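Working through the structure, step by step
So you can see what is in the structure, the chains are spelled out below.
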Amino acid sequence: MEYMGVGTITGLYGVSGISKAVLVDSSQAFDNIRKGIERITSERSGKTGFRSIAGRQADTDVIVVQIPPYPQAVVEAVSELYAFGVRQVVAISGGHRLSRKMPSRAALVVRGAVPMDDVSRAIAGQLPLLPSYRIESVFREMIESRFSDFNWVYGVTVTVASPHLRHYIEKIRGLTGRRWIAAADSVSAPLYAMQYELPGLEAISLLVMTGATEPFAESTIVRSMDEFEADLERVAREETILYMVAIEVLKKLE
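A brief structural summary. Because the structure is predicted, anything quoted here is derived from the model rather than measured. (Residues numbered from 1 in each chain as written. Predicted model: local features only at pLDDT ≥ 70, side-chain atom pairs only at ≥ 80, totals over all residues. Heavy atoms only, no water.)

The next subject is the environment of Q72. Checked against the element boundaries, Q72 lands in helix α2 (residues 71-83). By relative accessible area, which is 44% here, Q72 ends up partly exposed. Considered as a pair, Q72 and L191 are 119 residues apart in the sequence and their alpha carbons are 9.8 Å apart. (Helix = DSSP H or I, 4+ residues; strand = E, 2+ residues; numbered from the N terminus. Buried < 20%, exposed > 50% of the residue type's maximum accessible area, 1.4 Å probe, protein only.)

So, in structure tokens, the structure goes:
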């Protein structure tokens with residue numbers, strides 16, 4: 001059942017009949033995406049940290065939502081989008097590199113997420129959580145033939161409440177170096193867990209690497225404003241590129 005009205009989380013208003021959505025955690029990426037959308041039918045701000053656009057891109061109707069990069073924010077946004085009729089979701093966010101084998105300028109396609117956050121565990125327990133097989137299959141087929149901007153890596157993430165918190169260091173360290181464990185993030189597991197709760201939901205998570213976990217957990221201070229802004233711009237640029245890839249994948253699912 002689809003609902004009409006105002007979404008108190010995303011701010012969406014008067015939207016129905018759109019089955020595809022992209023979540024991004026970068027405000028700059030959201031602004032970049034907004035400039036490129038061909039036709040905007042709704043643009044709103046919702047709960048603090050959430051913004052939304054409904055529009056049309058590459059002949060595909062899509063909702064784009066900026067979310068804070070925390071597990072509860074993912075669940076809140078996806079639950080509301082589902083009520084509006086969304087059934088396919090691609091999340092694009094930052095991840096902290098754990099594998100030394102991860103190449104530079106890599107985009108991680110999350111093939112599984114180890115839930116270490118309370119939100120994901122409350123929904124689906126401690127099972128390894130997986131993306132939609134259908135979306136992952138289409139994604140694989142497309143990027144191998146059409147997109148070469150990134151080094152595409154398929155791997156598993158460890159999802160925690162925030163990779164910046166030192167309280168998770170020991171837990172994460174215990175998994176570092178294990179086969180397929182590539183990154184830590186705060187988005188993938190709750191997104192995949194929601195597939196257990198919401199019938200027909202299909203989801204996949206893509207990560208832009210933002211650095212190693214431990215240095216970030218020990219301190220969130222960087223040396224200069226130039227360094228800080230350069231990193232924000234790089235992440236925004238790469239998330240914007242991944243958004244265009246996501247649109248092509250979602251379009252093929254029609």
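Here the narrative resumes.
Given a rise of 1.5 Å per residue, 14 residues ought to cover 20 Å, and the 20 Å separating the end C-alpha atoms of helix α4 (residues 133-146) matches this to within 8%. Listed in full, the buried residues belonging to α4 are I135, E136, V138, F139, M142 and I143. Looking straight down α4, one finds that the buried residues subtend no more than 165 degrees of arc, so they occupy a single side. Along α4, exposed side chains directed more than 90 degrees from the buried face belong to Y133, E144 and S145. Here α4 starts with a cap whose side-chain oxygen sits 3.3 Å from the backbone nitrogen of R134, and that cap is S132. (Expected span 1.5 Å × (residues − 1). Arc of directions from axis to C-beta. Polar contact = N/O pair within 3.5 Å; in protein donor to acceptor, adjacent residues only side chain to side chain.)

The next thing to look at is the side chain of T60. If you trace the backbone, T60 turns up in strand β4 (residues 60-66). Once residues within four sequence positions are removed from consideration, T60 is found in contact with K20, G55, K251 and E254. (Contact = heavy atoms within 4.5 Å.)

Here we take up the pairing of strand β8 (residues 181-185). Counting buried positions over the 5 residues of β8 gives 5, a clear majority of the element. With 2 bridges connecting them, strand β5 (residues 88-97) and β8 associate as antiparallel partners. Bridge assignment links R97 to a residue of β8, and that residue is A183. (Pairing = 2+ DSSP bridges.)

A separate point is the packing of α2 against helix α6 (residues 188-197). At their nearest, the axes of α2 and α6 sit 8 Å apart, and the two run at 40 degrees to each other. One way to sum up the angle between α2 and α6 is to call them oblique. Handedness of the crossing formed by α2 with α6: right-handed. Between α2, through P71, V74, V75, V78 and S79, and α6, the contact on the second element is made entirely by P190, L191 and M194. Taken together, the residues of the contact of α2 with α6 break down into 7 nonpolar, 1 polar and no charged. (Axes fitted to C-alpha atoms, helices over the stretch in contact; angles between N-to-C directions. Parallel < 35°, antiparallel > 145°, perpendicular 65-115°, else oblique. Left-handed = near helix turned anticlockwise from the far one by under 90°. Nonpolar A, V, L, I, M, F, W, Y, C, P; charged D, E, K, R; others polar.)

On inspection of all chains with the given rule, the structure shows 1 aromatic pair. When the ring of F139 is compared with that of W152, the centres are 5.5 Å apart and the planes differ by 75 degrees; the resulting orientation is edge-to-face. Here F139 is found in helix α4, whereas its partner W152 is found in strand β7 (residues 151-159), with 13 residues between them in sequence. The exposure classification of F139 matches that of W152, with both residues buried. Above the face of the Y82 ring, R87 is positioned so that its terminal group lies 3.7 Å from the ring centre. For the cation-ring pair, R140 lies above Y154, with the distance from its terminal atom to the ring centre recorded as 3.8 Å. (Phe/Tyr/Trp six-rings, centres within 6.5 Å; stacked < 30°, edge-to-face > 60°. Lys NZ or Arg CZ within 6 Å of the ring centre and 35° of its normal.)

One recurring pattern in soluble globular proteins: nonpolar side chains tend to sit buried together. Among the nonpolar cores identified, the biggest contains 77 residues, and I63, I92, L108, W152 and Y243 are the most heavily contacted of them. Considering every element that reaches this core, the biggest residue donor is helix α8 (residues 225-252), with 8 residues. Not counting chain neighbours up to four residues away, the residues in contact with W152 comprise A107, V109, F139, I143, F147, L242 and V245. Judged by nonpolar contacts, the second largest core, of 9 residues, contains L98, V158, Y168 and A184. (Core = buried A, V, L, I, M, F, W, Y, C linked by side-chain atoms within 4.5 Å.)

So, on to the pairing of β7. The buried count for β7 comes to 8 of 9 residues, which makes it a mostly enclosed element. Across 9 bridges, the pairing between strand β6 (residues 106-115) and β7 is parallel. Within β7, the position partnered with A107 by the bridge is W152.

On the surface, V222, M225, F228 and L232 cluster together to form a nonpolar patch covering roughly 350 Å² of accessible area. Examined against the element boundaries, L232 turns out to sit in helix α8. (Patch = residues over 30% accessible without salt bridge, like charges linked within 9 Å, V, L, I, M, F, W, Y side chains within 5 Å. Areas by Shrake-Rupley, 256 points an atom, 1.4 Å probe, with all protein chains shown as cover. Salt bridge = Lys/Arg side-chain N within 4 Å of Asp/Glu carboxyl O.)

Spacing of three or four residues puts side chains on the same side of an α-helix, whose turn is 3.6 residues. In terms of burial, α6 is a largely internal element, 8 of the 10 residues being buried. Of all the positions in α6, only S188, A189, P190, L191, Y192, A193, M194 and Q195 are classed as buried.

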